[in-house]
Amino acid sequence: MHSMSARSDIRNQRESEILSHFAAAISELGLEGASIAKVAARMDCPPSLIMHYYKTKDDLIEALFRAMVEEIKEQVLEKDLRLPSPGKRFKSFQDLLFNPMRLWDQKLGNPSIWFQFLAMTSRNDRIHSLFLDYLEFYRSVVRQQLEDFMQLGMVRKTDPEALTDLVICFADGLTHRLFLKPEISVTRLRKELLGILKP
């Protein structure tokens, strides 16, 4: 039993290491240039070692995407948005909306990798499906937060579906603007959206 557990720990550690180097290779070389051979070179190991864990580059891509989503769920959407204080939770929710890059800028992922994965959805059905699953999860979290804040009188009571769509469209648009022009100020935008949300 102990031996099996130790082997499992080693495998998990090795897989995590490979994904970390794969993410770094994508950031440096782009998704097209980040081959298994390039990852192996970064790790100073033969490509066969990478392929022992991930048979193809598509396997690597899917594993990295899943790991990035789990990282977001654990560190941002589940931790920060489950603070016991409603006031602190509302502030964290605002920060999420007005600093959307924070959502994608984690230990493994970064906005550049996310946008490259997004571009893949038009030609890779598996990544397209995984991206839709992630977006549905993200939407459910935003809606639940808005409904909670409505009940607490912190957000005006309205159709939660429509308000969720409005908030997500705002955050998505802001994400693209900040990616292209990170120096823009969101002060006015924050004021206007909070005006819409006010009870």
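A brief report on the enclosed structure follows. Per-chain numbering applies: the sequence of each chain, read as written, is numbered from 1 onward. Local features in a predicted model are, by the rule used here, given only for residues with pLDDT of at least 70; side-chain atom pairs are given and counted only at 80 or more, and totals for whole chains, interfaces and linings are based on all residues. Side-chain numbers here rest on the full set of heavy atoms in the structure, without hydrogens or water.

Brief notes about the overall build of the protein chain
Okay, step 1: Each helix and strand counted, the protein chain has 10 helices and 0 strands in total.
Okay, step 2: Secondary structure of the protein chain in N-to-C order comes out as α-α-α-α-α-α-α-α-α-α.
Okay, step 3: Each principal axis of the C-alpha distribution contributes one length, and for the protein chain these read about 60 × 45 × 30 Å.
Okay, step 4: By the burial criterion, 42% of the 199 residues in the protein chain qualify as buried.
Okay, step 5: Contacts: residue pairs with any heavy atoms within 4.5 Å of one another. In the protein chain, of all internal contacts separated by at least 6 residues, the share reaching a separation of at least 24 is 63%.
Okay, step 6: Within the protein chain, one finds 28 positive and 27 negative side-chain charges whose respective centroids are separated by 5 Å. Here a strand is any run of E in DSSP of at least two residues, a helix any run of H or I of at least four, and the numbering for each starts at the N terminus. Relative accessible area decides the class of each residue, using a 1.4 Å probe on protein chains only: under 20% of the type maximum gives buried, over 50% gives exposed, and in between gives partly exposed. Neither His nor the chain ends is counted toward charge; the positive residues are Lys and Arg and the negative residues Asp and Glu. Charge coordinates come from a single atom per side chain, which is NZ of Lys, CZ of Arg, CG of Asp or CD of Glu.

Things to note about the nonpolar core
Okay, step 1: Grouping buried Ala, Val, Leu, Ile, Met, Phe, Trp, Tyr and Cys residues that are joined through side-chain atoms within 4.5 Å yields what is termed a nonpolar core. Counting 61 residues, the largest nonpolar core has Phe22, Ile50, Leu64, Phe65, Trp114, Phe117 and Tyr134 as its most contacted members.
Okay, step 2: No other element matches helix H8 (residues 125-151), which puts 10 residues into this core.
Okay, step 3: Those residues in contact with phenylalanine 117 that sit more than four places away from it in its chain are Leu31, Ile61, Leu64, Phe65, Met68, Ile127 and Phe131.

Some remarks on the packing of aromatic side chains
Okay, step 1: Between the rings of Phe, Tyr and Trp (Trp by its six-membered ring), a pair exists once the centres lie within 6.5 Å; its type follows the angle of the planes, with under 30 degrees stacked, over 60 edge-to-face, and the other angles tilted. Tallied over the entire structure, the rule returns 10 aromatic pairs.
Okay, step 2: Geometrically, the ring pair formed by phenylalanine 65 and phenylalanine 117 is edge-to-face, given 5.7 Å between the ring centres and 65 degrees between the ring planes. Here phenylalanine 65, found in helix H4 (residues 57-77), pairs with phenylalanine 117, found in helix H7 (residues 111-120); they are 52 residues apart in sequence, far enough to count as distant.
Okay, step 3: Take phenylalanine 117: its relative accessible area is 0%, and that puts it in the buried class.
Okay, step 4: Between the aromatic rings of phenylalanine 90 and phenylalanine 149, the centroid separation amounts to 4.8 Å while the plane-to-plane angle is 70 degrees, which identifies the pairing as edge-to-face. Taken as a pair, phenylalanine 90 in helix H5 (residues 86-98) and phenylalanine 149 in helix H8 lie far apart in primary sequence, 59 residues in all. The exposure classification of phenylalanine 90 matches that of phenylalanine 149, with both residues buried.
Okay, step 5: Should the NZ of a Lys or the CZ of an Arg lie within 6 Å of a ring centre and within 35 degrees of the ring normal, that charge is described as sitting over the ring. The aromatic ring of phenylalanine 137 is capped on one face by lysine 73, whose charged end is 4.5 Å from the ring centroid.

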